[in-house]
Protein chains: 2
Amino acid sequence: MKKVKVYVTLRESVLDPQGSAVMGALHSMEYSEVKDVRIGKFLELQIEEGTRDVDTVVKEMCEKLLANTVIEDYRFEVEEAVSK
Amino acid sequence: MKKVKVYVTLRESVLDPQGSAVMGALHSMEYSEVKDVRIGKFLELQIEEGTRDVDTVVKEMCEKLLANTVIEDYRFEVEEAVSK
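Quick look at the structure, then.

How each quantity is defined
Residues numbered from 1 in each chain as written. Chains lettered and ligands numbered in written order. Predicted model: local features only at pLDDT ≥ 70, side-chain atom pairs only at ≥ 80, totals over all residues. Heavy atoms only, no water. Least-squares fit on C-alpha atoms with pLDDT ≥ 70 in both. Contact = heavy atoms within 4.5 Å. Buried area = accessible area lost by both parts, 1.4 Å probe. Salt bridge = Lys/Arg side-chain N within 4 Å of Asp/Glu carboxyl O. Helix = DSSP H or I, 4+ residues; strand = E, 2+ residues; numbered from the N terminus. Nonpolar A, V, L, I, M, F, W, Y, C, P; charged D, E, K, R; others polar.

### A word on the relation of the copies chain A and chain B
Now for step 1: Superposition record for chain A on chain B: RMSD 0.0 Å, screw rotation 180°, translation along axis 0.0 Å. Here the copies are linked by what is in effect a two-fold axis. Taking C-alpha positions as the reference, the residue of chain A nearest the rotation axis is A:K41, at 2.3 Å.
Now for step 2: The residues that chain A uses at the interface reappear at the interface of chain B in 100% of cases, marking a shared surface.

### With respect to the interface of chain A and chain B
Now for step 1: On the chain B side, the residues contacting the 36 residues of chain A number 36 residues.
Now for step 2: Summing both sides of the interface, chain A and chain B together bury roughly 3200 Å²; the carbon and sulfur share of this comes to 63%.
Now for step 3: Looking only at chain A, the three residues that lose the most surface to chain B are A:Y31, A:E33 and A:F42, adding up to 21% of its buried area.
Now for step 4: If you look at where chain A meets chain B, you find four salt bridges.
Now for step 5: Taking the shortest distance from any N to any O, the salt bridge between A:K35 and B:E48 comes out at 3.8 Å.
Now for step 6: Listing elements by their share of the side of chain A that touches chain B, those giving two or more residues are β1 (2–10), α1 (17–28), β2 (34–47) and α2 (54–66) of chain A.
Now for step 7: With 14 residues, β2(A) is the largest single contributor of residues to the side of chain A that touches chain B.
Now for step 8: Grouping the amino acids of the side of chain A that touches chain B by side-chain chemistry returns 18 nonpolar, three polar and 15 charged.

Here it is, written out as structure tokens:
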């Protein structure tokens, strides 16, 4: 079993209204040192190793479903899952 | 300037319907090797160094606004921001 961590972030050129809203809230809470906030997604997948290469499969899943590559970038890390 | 990466994840005991929906979609796309999906948030903050300690400030912001500690866990990393 592999544990895959996927980070999906908005491309730098894309406006992030959710991040702006959070920054506004932080400023109103007196955290004026915060100069920028960008919000993305963080996905943790558990993948059973089979005949297909995990890296290839995760890349495909990101391109097809997990990230909107028009406006988002993604990166991922594959780790050996710790059995419980 | 410091770059802070904050990861907010649902606690393990909390159901993740969004993750289940994504897993269902992946299964219907023939990615049956995916056994679990959990979805969280990933925030990138730019923080100007001032009189307050960045670690303390970020911890406070997470507790008060960025994470709902009843159902979510958070962790963060502070990096030196690369000036552009």
